[in-house]
Amino acid sequence: MPQPTTRVRPTGHPGYSETLPRDPESAATARGLVRAAISTWGLDDLTDDAVLIVSELVANAVRHARWRSIRVMVERIAPRTVRVAVADFSRALPVPCAPKNDEEGGRGLALVLTLAANWGADERHWGKVVWAELEARG
């Protein structure tokens, strides 16, 4: 029987991704996907921050996008660096804001900025991908 020629690479594609409904409940599935990927890569010190970041990115997509689905992606872009991303069908780019003390929302991107080593939004002809990179210690 022939042996498979594909091997799992330590970085790059394939990563983990899943298309989810644009519903608040999808954040739980996204957190599970992030936990599974980071655990597989042995970068457990990134788990808490990555889970919080994906929750915020999903919440923003649920609130601002106008299509029925979003796509969550987790990729190991370097041996100690993980990129968490959410794609949606809105072309409106995220803008960090400074909410007033009595406002309930508007702090998600500020939290992402604090936790991530780098973040951004890449425009696509169909929408955008908002991403954040986390770097493991040591």
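Small disclaimer: the values here were computed from a predicted structure and weren't measured. Numbering of residues begins from 1 in every chain and follows the order in which that chain's sequence is written. Thresholds applied to this predicted model are a pLDDT of at least 70 for local features of residues and 80 or more for the giving and counting of side-chain atom pairs; totals over whole chains, interfaces and linings are not thresholded and use all residues. Here the side-chain values reflect all heavy atoms present in the structure, with hydrogen atoms and water set aside.

A. Representation of the pairing of strand E4 (residues 118-124) in the model. Both E4 and strand E5 (residues 127-135) contribute to a ladder of seven bridges, which runs antiparallel. Within the sheet, the bridge partner assigned to Trp119 lies in E5 and is Ala132. Connecting the antiparallel pair E4 and E5 is a turn made up of two residues. Pairing between two strands is assigned when DSSP locates at least 2 bridges connecting them. Counting from the N terminus, the helices are DSSP H or I runs at least four residues long and the strands are E runs at least two residues long.

B. Layout of the packing of helix H1 (residues 26-40) against helix H2 (residues 47-64). One can describe the packing of H1 onto H2 by two numbers: an axis separation of 9 Å at closest approach and a directional angle of 150°. With respect to their mutual orientation, H1 and H2 come out roughly antiparallel. Helix-helix and strand crossings are classified by hand; for H1 and H2 the assignment is right-handed. Between H1 and H2, the contacting residues are Ser26, Ala27, Ala30, Arg31, Val34, Arg35 and Ile38 on the first element and Thr47, Ala50, Val51, Val54, Ser55 and Val58 on the second. Taken together, the residues of the contact of H1 with H2 sort by class into eight nonpolar, three polar and two charged. Whenever a helix is involved, its axis is fitted only over the stretch in contact; in every case the axis is a line through C-alpha atoms, and angles between N-to-C directions fall within 0 to 180 degrees. Angular relationships are summarised with four words: roughly parallel below 35 degrees, roughly antiparallel beyond 145, roughly perpendicular across 65 to 115, and oblique for the angles in between. Crossing handedness is read from the near helix: turned anticlockwise from the far helix by less than a right angle, it gives a left-handed crossing, and turned clockwise, a right-handed one. Residues are treated as being in contact if the distance between any of their heavy atoms lies within 4.5 Å. Residues are grouped as follows: Ala, Val, Leu, Ile, Met, Phe, Trp, Tyr, Cys and Pro are nonpolar; Asp, Glu, Lys and Arg are charged; all remaining types, including Gly, are polar.

C. The arrangement of H1 in detail. Expected helix span is taken as 1.5 Å per residue step, with the number of steps being one fewer than the number of residues. Under the 1.5 Å per step criterion, the end-to-end length of H1 is 21 Å for 15 residues, consistent within 8% with the ideal 21 Å. Burial here depends on accessible area, computed with a 1.4 Å probe over protein chains only, as a share of the maximum for the residue type. Under 20% is buried, over 50% is exposed, and the range in between is partly exposed. Ser26, Ala27, Ala30, Leu33, Val34, Ala37 and Ile38 are the residues of H1 that are buried. Down the axis, H1 shows its buried residues gathered within 120° of arc, on one side only. Next to the buried residues of H1 lie strand E1 (16-21), H2, strand E2 (69-78) and strand E3 (81-88). The arc refers to the directions leading from the helix axis to the C-beta atoms.

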